[in-house]
Amino acid sequence: MDEHAQRPRWSRRSMLTGAAAGLVTPLVVNGSAAPFNIAAAQPRGKLRQITLYAEPVDGGLLGYGLAPGKATIPGPLLEIYEGDTLEIELVNSTDQRLSIHPHGVDYDVDSDGSPLNDSFNEPGETRTYIWRSRTQRRAGGGFYLPGSAGYWHYHDHAIGDHGTAGIARGLYGGLIVRKAGDLLPDKQFTIVFNEMSINNKVAPDTPMFEANHGQRVEFVCVGHGNQPHTFHLHAHRWADTRTGLLGGDDDHSPVIDNKDLNPGCSFGFQVLAGEGVGPGVWMYHCHVQFHADDGMVGLFLVRNSDGSMPAGAQEAIDRFHAHQHEVAENKSSGTHTGHR
Amino acid sequence: MDEHAQRPRWSRRSMLTGAAAGLVTPLVVNGSAAPFNIAAAQPRGKLRQITLYAEPVDGGLLGYGLAPGKATIPGPLLEIYEGDTLEIELVNSTDQRLSIHPHGVDYDVDSDGSPLNDSFNEPGETRTYIWRSRTQRRAGGGFYLPGSAGYWHYHDHAIGDHGTAGIARGLYGGLIVRKAGDLLPDKQFTIVFNEMSINNKVAPDTPMFEANHGQRVEFVCVGHGNQPHTFHLHAHRWADTRTGLLGGDDDHSPVIDNKDLNPGCSFGFQVLAGEGVGPGVWMYHCHVQFHADDGMVGLFLVRNSDGSMPAGAQEAIDRFHAHQHEVAENKSSGTHTGHR
Amino acid sequence: MDEHAQRPRWSRRSMLTGAAAGLVTPLVVNGSAAPFNIAAAQPRGKLRQITLYAEPVDGGLLGYGLAPGKATIPGPLLEIYEGDTLEIELVNSTDQRLSIHPHGVDYDVDSDGSPLNDSFNEPGETRTYIWRSRTQRRAGGGFYLPGSAGYWHYHDHAIGDHGTAGIARGLYGGLIVRKAGDLLPDKQFTIVFNEMSINNKVAPDTPMFEANHGQRVEFVCVGHGNQPHTFHLHAHRWADTRTGLLGGDDDHSPVIDNKDLNPGCSFGFQVLAGEGVGPGVWMYHCHVQFHADDGMVGLFLVRNSDGSMPAGAQEAIDRFHAHQHEVAENKSSGTHTGHR
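Because the structure is predicted, anything quoted here is derived from the model rather than measured.

A.B. asks: Is there a simple way to think about the overall build of chain A in this case?
C.D. replies: Along chain A, the regular secondary structure elements total five helices and 22 strands. Residues counted as buried form 64% of the 340 residues belonging to chain A. As presented, chain A carries roughly 11400 Å² of accessible surface, and 49% of it is formed by carbon and sulfur atoms.

Spelled out as structure tokens, the structure:
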């Protein structure tokens, strides 16, 4: 009766772990005498176990990875279904205390990832963090307490006390909790607007995401740092809902193509690549103008449906690289072309 | 037939007023010849009368209170049902002109609270402000004009012309308008991100909110000042709806645990304290990293369901106080540890 | 069977164009071999053709207009129904390269308006941009890919590379895509929070919008520039939905009167002018306090239902002008009264 048993439950990257998976061990929640029978309401699901390695990355940065020497920025996109439990063995291969703190899921104080709760890895230490999830349930009066499904994220919460320095250096990643029945994408991309960078890169070194015309593409967008940002994707739009899709004629949610992406916030959505607009090279960027001018711009290459390059696409990519180099050169000579 | 007649209609704090309450006096709206029979559509409800005192508060601050000498920052959490009218006699016990301006409810120009409409109290003056509310009604085409229900707020709009200086010094509070049938909380907390403070306090002096495991807790969050903020609560989440709850399987609203909280904006939500995560000390904070580092952090203590302290909670509280003192000492010696 | 055939399809201003209109020419979408039969799903609608002129405007500014010498800031409010196609012949009457880039609608790379895609007008050049729109359709699993309906906007994307300098000088406007059956307004106003201005004006020169008590008024709000803003309208509120209205008792969307309005974002809503509050002069302003103090404030004059001035309204308008002049004078003498 597991409706999603036959589907891929992990992003391609997270499949690299070879993590053992088994049936969930019933979890005992603290405070069994609590009202509303909280412990009994704990949903059943899969227990997923992975090991994450926090490591130095080139350029003085830090990353999470699913194997030693494989850390990336952002870290691996983690993905579970409501009801699943994710057990993360975090290996700290750096010389600083650090942690992993998730948004959206359930965790005891021991897995909070905060120095407040003495929940972090000392340098060289290995520590296990447990994240649980749940389905929605009745709250009374026709209302429901929400489940865990959403486009979430995780990050360090211990370097620089609140994680400020760990996040700045790259310790973050995306986390998806799905509902049974959610549509699954062909491709997934994580975009983190971190201070004045995208995934700790600035143009022209920002990621170029690629898909074929018509593929279902899932974007997971996360904000970090200290600056306000807005995320804009050219030629595509989505509903401002949990999934980015609408529920039907009665769903009056706004449809948007530009959304605030501020520190600690996250959202996600699915689009069909190039739907209604065709293949080509489409910009995604922060719409705060000076941020775009200063390099918070990247490319979404929608190839032809057979995977070939659309006419004009390579020329656009070349312009992107040439222009951004020009900007960089002008900046190094003291001219802030971004604010011209 | 008054569905909510038997329920508490005021927060505990606002009950202190002993405000007289009676049946509503039918209100005549300006411009009775207006289309759509606006006056006739005015819903019936209770008339609530209170007196608020705007007063100096220690530290050069200002506050609203329900009795002389009882001003607090934030001011009392006011609460009505859709259809109710709130009549506020505001006593200005300061030496500055000031006012009270609400969000979300209806008011004539005389109750606007703005100097533009000559609507304020001179120093020492008492003035009455009237706030009305309403239920939703048909707008045509299957659409409805929204009613007044929501998590709103009120603030000064006259010191420093637009209220800038009044708000900065503490003249603000929360306002809830409920729909009949809304779930009622066991505990209510108002959190105002005002410039670089929480309720005009910085850590470790920010409020520690307390509830027992499983209690229904209502947070009312308000933004003020000049900075962009995002509100994050550890280990709890809510739907981005009017109530923070979902309406069922067809409700695809996002579920979040981090939300923009910018000047003049407000939202609220209910959670079951510690649901699925257990008792403990949970942080709430601005997720703009430098803001957290600079003291926009507070604690939500979830006690055991019998009210006793959970294991490790006191130690966490002690760490919070010790750490923040350390930060303060470093800052006074010129080191901005927040940005390390 | 065209449900909206008898209704005005263009705002009053855009009616000035005398644009030829005919039945839609079936459009061939790139990549006909794409999955999901994207081309076949392209909805049918009207083809609308207009000419826009990008021109210098007094004060070193730039604007779009529907006839030579008629450029305004913001440009004309464009309005179509889902399924319609809008063909814009853009005449560049300036000495700079520039473009027009829309949000919310479909366009090929040639109509992207970005230098990345070599899509802009050289000085003096005329170029055609094509914007298409569509209705929602099934995505599977009970979900729908959203249609184009929404409160959108358009702007230059070529001066200063990402349009930074073009937007700063006034090259922007509103764009509405309606669903069949949407309620139509009596009045429409476009409000653009552009850097520290409203429609490139500061108080007391910001627009005063006027309507009669009870008229259905539509606000289209757009953010631009580099600053975070929040839009507040006194004495009126709206639902945070596509239309600003609710869909019924099951619609638990938040009701708001203050909303983030950050660069590249847009929203819109309809209210009945003065409903429940009466005629009068109501402020709209950025709720970031220093922004309001520095002039991001304007007036919404709700006249009596017969069009006459409400009691006290002229006095309020006079106060607005006198106060703002006072602020301006103090600023020129070095006193920043806004931050007092």
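A.B. asks: What is the right way to look at the interface of chain A and chain C in this model?
C.D. replies: Accessible area lost upon the coming together of the parts serves often as the stated size of an interface. Listed as interface residues are 58 residues of chain A and, on the opposing side, 63 residues of chain C. Between chain A and chain C, roughly 4800 Å² of surface is buried when both sides are summed, and carbon and sulfur atoms account for 56% of that area. At the junction of chain A and chain C, the tally comes to three salt bridges. In this structure, the salt-bridge partner of Arg134(C) is Glu275(A), at a minimum N-O distance of 2.5 Å. On the surface where chain A and chain C come into contact, there are 31 residue pairs in polar contact (both at pLDDT 80 or more). Elements with a contribution of two residues or more to the side of chain A that touches chain C: β16 (230-233), β17 (238-239), β18 (255-256), β19 (258-260), β21 (280-286), α4 (289-293), β22 (297-303) and α5 (313-332) of chain A.

A.B. asks: Honestly, the relation of the copies chain A and chain C in this entry has me stumped. Any pointers?
C.D. replies: The operation relating the pair of chain copies consists of a rotation about an axis and a translation along that axis. Once chain A has been moved 0.0 Å along the axis and rotated by 120°, it coincides with chain C to within an RMSD of 0.0 Å. The two molecules are tied by a three-fold rotation axis, judged by turn and shift. Residues of chain A ranked by C-alpha distance from the rotation axis are headed by Pro228(A), positioned 4.0 Å from it. Comparing interface residues between copies, only 10% of those in chain A also sit at the interface in chain C, which points to a heterologous contact through distinct surfaces.

A.B. asks: When you look at the pairing of strand β12 (residues 187-194) of chain A in this model, what are you seeing that I'm missing?
C.D. replies: Side-chain positions along a regular strand alternate between the two faces of the sheet. Residues and elements named next belong to chain A. Of all eight residues in β12, six are buried; the element is thus mostly enclosed. Summarising the sheet, β12 and strand β15 (residues 216-224) pair through eight bridges and their orientation is parallel. Looking across to β15, one finds that Asn 194 is bridged to His 224. The pairing of β12 with strand β13 (residues 197-198) spans two bridges and is classified as antiparallel. Of the residues in β13, the one forming a bridge with Phe 193 is Ile 198. The hairpin turn running from β12 into β13, its antiparallel successor, is two residues long, and Glu 195 in that turn takes a positive phi close to 55°.

A.B. asks: It is not clear to me how a negative patch on the surface should be interpreted in this structure. Could you clarify?
C.D. replies: On the surface, a cluster of negative charge is contributed by Asp249(A), Asp250(A), Asp249(B), Asp250(B), Asp249(C) and Asp250(C). Residue placement: Asp250(C) occurs in the loop between β17 (238-239) and β18 (255-256).

A.B. asks: Sorry if this is basic, but what is going on with the relation of the copies chain B and chain C here?
C.D. replies: Of the two same-sequence chains, chain B is brought onto chain C (RMSD 0.0 Å, axial shift 0.0 Å) by a rotation of 120°. The share of interface residues of chain B whose copies in chain C are also at the interface is only 10%, consistent with the copies meeting through different surfaces.

A.B. asks: Could you clarify how one ought to interpret the interface of chain B and chain C in this entry?
C.D. replies: If you look at the interface, chain B gives 63 residues, while chain C gives 58 residues. The largest per-residue losses of area from chain B upon contact with chain C belong to Leu116(B), Phe143(B) and His162(B), which jointly make up 15% of the total buried on that side. Arg137(B) is the partner of Glu275(C) in a salt bridge, and the nearest nitrogen-oxygen pair spans 2.3 Å. The interface formed by chain B and chain C holds 31 residue pairs in polar contact (both at pLDDT 80 or more) in total. Elements with a minimum of two residues in the side of chain B that touches chain C: β8 (137-140), β9 (143-145), β10 (150-155) and α3 (164-168) of chain B.

A.B. asks: Would you mind showing me how to read the packing of aromatic side chains here?
C.D. replies: By convention here, two paired aromatic rings are described through the distance between centres and the angle between planes. Applying the stated criterion across every chain yields a total of 54 aromatic pairs over all chains. Arranged with centres 6.5 Å apart and planes meeting at 90°, the rings of Phe209(B) and Phe219(B) form a pair that is edge-to-face. Of this pair, Phe209(B) sits in strand β14 (residues 208-212) while Phe219(B) is found in strand β15 (residues 216-224), placing the two residues 10 residues apart along the sequence. Comparing Phe209(B) with Phe219(B) shows no difference in burial state: the two are buried. Aromatic side chains Phe219(C) and Phe269(C) sit 5.3 Å apart centroid to centroid with 20° between the ring planes, which places their arrangement in the stacked category.

A.B. asks: Is there a simple way to think about the pairing of strand β5 (residues 85-92) of chain C in this case?
C.D. replies: All names here are of chain C. A large share of β5 lies buried, amounting to six of its eight residues. Note that strand β2 (residues 46-57) and β5 share eight bridges and pair parallel. Its bridge partner being in β5, Ile 50 is matched across the sheet by Ile 88. Relative to strand β7 (residues 126-132), β5 runs antiparallel, the two sharing seven bridges. Bridging across to β7, Thr 85 finds its partner in Arg 132.

A.B. asks: Help me out: how do you make sense of the pattern of salt bridges in this one?
C.D. replies: Oppositely charged side chains may form a pair once their charged atoms are brought near each other. Counted by the stated rule, this structure contains 33 salt bridges over all chains. Arg134(C) serves as the salt-bridge partner of Asp106(C), at 2.9 Å between the closest nitrogen and oxygen. Placement of Asp106(C) in the loop between β6 (101-102) and β7 and of Arg134(C) in the loop between β7 and β8 (137-140) is noted, with a sequence separation of 28 residues between them. Arg134(C) matches Asp106(C) in its accessibility class, with the two residues each being buried. In this structure, the salt-bridge partner of Arg132(C) is Asp108(C), at a minimum N-O distance of 3.0 Å. Note that Arg132(C) is positioned in strand β7 and Asp108(C) in the loop between β6 and β7, a separation of 24 residues in sequence. Look at Arg132(C) and you get buried, because its relative accessible area is 4%. What emerges from the salt-bridge pattern is a single network uniting Asp106(A), Arg134(A), Arg137(A), Arg237(B) and Glu275(B).

A.B. asks: Explanation requested: the sheet that holds strand β20 (residues 266-272) of chain B in the structure shown.
C.D. replies: Adjacent strands of a sheet pair through backbone hydrogen bonds, lying either parallel or antiparallel. Residues and elements named next belong to chain B. The mixed open sheet is built from four strands, whose spatial order is β13-β12-β15-β20. Because the sheet does not close on itself, it has two edges, and the strands there are β13 (197-198) and β20. Bridge analysis of β15 against β20 gives seven bridges, and the strand direction is antiparallel. Among the inter-strand pairings, Val 217 is bridged to a residue of β20, identified as Val 271.

A.B. asks: Looking at this structure, how should I read the environment of Asp95(C)?
C.D. replies: In this fold, Asp95(C) is placed in the loop between β5 and β6. Residue Asp95(C) is classed as exposed on the basis of its relative accessible area, which comes to 68%.

A.B. asks: Looking at this structure, I do not really get unusual backbone geometry. What am I missing?
C.D. replies: Leave glycine aside and you will find that most residues have negative phi; peptide bonds, for their part, are mostly trans. Of note, the bond from Ala203(A) into Pro204(A) is cis; its omega dihedral lies within 30 degrees of zero at 10°. You can see Pro204(A) is positioned in the loop between β13 and β14 (208-212). Look at the link from Ile73(B) to Pro74(B): it is a cis peptide, with omega at -5°. With respect to the helices and strands, the residue Pro74(B) is situated in the loop between β3 (61-65) and β4 (78-81). Even without a glycine there, the phi angle at Asn199(B) is positive, about 55°. Mapped onto the fold, Asn199(B) is located in the loop between β13 and β14. Using a relative accessible area of 6% as the deciding quantity, one classes Asn199(B) as buried.

A.B. asks: Please clarify how the nonpolar core should be interpreted in this entry.
C.D. replies: A general trend in soluble globular proteins is that nonpolar side chains are found buried together. Of all hydrophobic cores here, the largest spans 56 residues; its most connected members are Ile100(B), Trp131(B), Phe219(C), Phe231(C), Phe269(C) and Phe300(C). Setting aside its immediate chain neighbours within four residues, Phe300(C) contacts Phe189(C), Phe209(C), Ala211(C), Val217(C), Phe219(C), Leu233(C), His236(C), Ala273(C), Gly280(C), Val281(C), Trp282(C) and Tyr284(C).

A.B. asks: What am I meant to see in the environment of Ser266(A) here?
C.D. replies: Structurally, Ser266(A) is set in strand β20 (residues 266-272). Engagement of the side chain of Ser266(A) in a polar contact is seen with the backbone oxygen of Tyr151(A), the distance being 2.8 Å.

A.B. asks: Is there a simple way to think about the confidence of the model for chain A in this case?
C.D. replies: Reading predicted coordinates in detail is not appropriate for stretches of low pLDDT. Residues and elements named next belong to chain A. For chain A, per-residue confidence averages 86 on the pLDDT scale, and 82% of positions sit at 70 or higher. Under a pLDDT of 50 for its full length, residues 333-340 has, in the predicted model, 14 contacts with residues more than four places off or in other chains. Scored as a complex, the prediction yields pTM 0.88 and ipTM 0.87.

A.B. asks: Explanation requested: the side chain of Ser99(A) in the structure shown.
C.D. replies: All names here are of chain A. Assignment of secondary structure puts Ser 99 in the loop between β5 (85-92) and β6 (101-102). Only 3.0 Å separates the side chain of Ser 99 from the backbone nitrogen of His 157, close enough to count as a polar contact. Contact partners of Ser 99, with chain neighbours within four places excluded, come to Tyr 64, Leu 90, Gly 113, Ser 119, Phe 120, Tyr 129, His 155, Asp 156, His 157 and Ala 158.

A.B. asks: Quick question: what am I supposed to make of the state of the cysteines here?
C.D. replies: In a disulfide, the sulfur atoms of two cysteines are held together by a covalent bond. Following the criterion strictly, the structure yields zero disulfides over all chains and no others. For the unlinked cysteine Cys221(C), the closest cysteine sulfur is that of Cys286(C), found at 12 Å. No disulfide involves Cys286(C); its sulfur sits 9.8 Å from the nearest other cysteine sulfur, which is in Cys265(B).

A.B. asks: Help me understand the environment of Tyr284(B), please; the structure alone is not making it clear to me.
C.D. replies: Residue and element names in this part refer to chain B. When you line up the elements, Tyr 284 lands in strand β21 (residues 280-286). On the basis of relative accessible area, Tyr 284 is assigned to the buried category, the value being 0%. C-alpha separation for the pair Tyr 284 and Lys 46, spaced 238 residues apart in sequence, amounts to 36 Å. Reaching out from Tyr 284, the side chain makes a polar contact with the backbone oxygen of Pro 207 at a distance of 2.7 Å.

Here is what the cut-offs are and how they apply
Residues numbered from 1 in each chain as written. Chains lettered and ligands numbered in written order. Predicted model: local features only at pLDDT ≥ 70, side-chain atom pairs only at ≥ 80, totals over all residues. Heavy atoms only, no water. Helix = DSSP H or I, 4+ residues; strand = E, 2+ residues; numbered from the N terminus. Buried < 20%, exposed > 50% of the residue type's maximum accessible area, 1.4 Å probe, protein only. Areas by Shrake-Rupley, 256 points an atom, 1.4 Å probe, with all protein chains shown as cover. Contact = heavy atoms within 4.5 Å. Buried area = accessible area lost by both parts, 1.4 Å probe. Salt bridge = Lys/Arg side-chain N within 4 Å of Asp/Glu carboxyl O. Polar contact = N/O pair within 3.5 Å; in protein donor to acceptor, adjacent residues only side chain to side chain. Least-squares fit on C-alpha atoms with pLDDT ≥ 70 in both. Pairing = 2+ DSSP bridges. Patch = residues over 30% accessible without salt bridge, like charges linked within 9 Å, V, L, I, M, F, W, Y side chains within 5 Å. Lys, Arg positive; Asp, Glu negative; His and termini not counted. Charge placed at Lys NZ, Arg CZ, Asp CG, Glu CD. Phe/Tyr/Trp six-rings, centres within 6.5 Å; stacked < 30°, edge-to-face > 60°. Core = buried A, V, L, I, M, F, W, Y, C linked by side-chain atoms within 4.5 Å. pLDDT = per-residue confidence, 0-100. Disulfide = S-S within 2.5 Å.

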